[in-house]
Amino acid sequence: MAHMFVPGPVDVAPEVLQAMAKPMLPHRSKEYEAIHRSAAEKAQKLFYTQYRVYLGTHSGSGMQETGIRNLVEKDVLCCVNGAFSKRWYDVAVSNGKNADKLEVEWGKAPMPDDLRTALKKKHYEAVTIVHNETSTGVEAPLKDLCAVVREVSPETFILVDAVSSLAGSKIEMDAWDIDFLLTSSQKCLALPPGLSLAGVNDRCLQKAEKVANRGWYFDLLLLEKHRLKDSTGMTPVIPLIYALDFQLDRIFAEGLDARFARHAAMSQRVYDWARAHGMSTYADAACLSKTVATINNDRNLSIPDLNKFLMEKYQMRISNGYGDLKDKTFRIATMGETTLKDVDTLLAGMEAFMAK
Ligand SMILES: Cc1ncc(COP(=O)(O)O)c(C=O)c1O
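Read on for a plain summary of the structure. Predicted, not measured: the structure shown is a model, and the values here were computed from it. (Residues numbered from 1 in each chain as written. Predicted model: local features only at pLDDT ≥ 70, side-chain atom pairs only at ≥ 80, totals over all residues. Heavy atoms only, no water.)

Let us now look at the packing of aromatic side chains. Across all of its chains, the model carries four aromatic pairs by this definition. With 5.2 Å between their ring centres and 85° between their planes, Y217 and F218 make a pair best called edge-to-face. Under the relative-accessibility criterion, F218 is labelled buried at 15%. Members of the aromatic cluster, joined through ring pairs, are F309, Y314 and F353. Lying across the ring of Y89, K101 places its NZ or CZ 4.7 Å from the centre. (Phe/Tyr/Trp six-rings, centres within 6.5 Å; stacked < 30°, edge-to-face > 60°. Buried < 20%, exposed > 50% of the residue type's maximum accessible area, 1.4 Å probe, protein only. Lys NZ or Arg CZ within 6 Å of the ring centre and 35° of its normal.)

Now the structure itself:
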């Protein structure tokens, strides 16, 4: 039974938590390296890539910084349509890069035509795109955006943040020609927080060789050196690697397409329910997220009171709107192992609150 309808951290299955409780191993040991290799190889299947997947022993934001430090010497274009895409722009600026924004109204997605225009005006080494804007519940048309980059500026690196969608929505790294694809553990992967993953193609390593001041902790060449030995340069978050290795088997046992269909059905259920109860979606109908629904609080519900009620009666909670959207919107995340039945229980609880 899911309790956390918040966009991360989400519920973790008891058996996954149990997988973390195994004795520690030295990270420079054959036993640890075998588990690290196993998890990283399984992750390639989830990323739909033949290239490497790094296991970062830090949260997803560190991978945003990794992409910027290694793949951008000067000019980067950041598609900004919410708080997390804006954060990637801030990461670029704070690392001394010339970052331009392709700014899109909150609630909307960056569109291929706008990206085409921006790329025709100026040459960029890289473009950053957030696939699923968790602050607004918007899913970007990623495949089409990638195609535009390849059409207008084929050598530009495509950096994608799929922190709140990978493992919940299908993203084909190689087929869509994404160079750098990152995610975090605490959302659709349904693991505890603290681990991030990044799929990185060969072109990225060739570029990193030419970029100065990549730093140390996030240096792709250092990460690669240790990845070739099935480990990390620094002490990894070993319990989370155990959990990842275990959880990926559970994910494949469900089947990736079945998992994506479950997520699409759960979010659709939330959108249909909201409309049927007089509440509209914050995000444009054309770009609704499949993992976190952002609903306009058209009925002026007190979100703190609603959550208090849900916690007392069902041990469930939803999320208030992000930043300035607090109380104007609320968010219902349907990530990880959440089921349609859980969603129905939550929505029945919300109806009970509204009927009070
Ligand atoms: C789309 C997106 N990008 C990046 C982040 C930051 O991830 P982390 O908290 O794992 O650093 C989040 C966190 O919610 C997110 O939703």
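Two side chains with opposite charge may pair up if their charged atoms get near one another. The final tally for this structure, using the stated rule, is 29 salt bridges. As a salt-bridge pair, D245 and K42 come within 2.7 Å of each other at their nearest N and O atoms. Here K42 lies in helix α2 (residues 30-47) and D245 lies in helix α9 (residues 238-254), a separation of 203 residues in the sequence. A relative accessible area of 15% means that D245 is categorised as buried. With a closest N to O distance of 2.7 Å, K207 and E125 form a salt bridge. With K207 in helix α7 (residues 202-208) and E125 in the loop between α5 (112-121) and β5 (126-130), the pair connects residues that are 82 residues apart, well separated along the chain. The residues K207 and E125 share a single accessibility class, namely buried. Overlapping salt bridges, with partners in common, bring together E15, R250, E254, R259, R262 and E337 in one network. (Salt bridge = Lys/Arg side-chain N within 4 Å of Asp/Glu carboxyl O. Helix = DSSP H or I, 4+ residues; strand = E, 2+ residues; numbered from the N terminus.)

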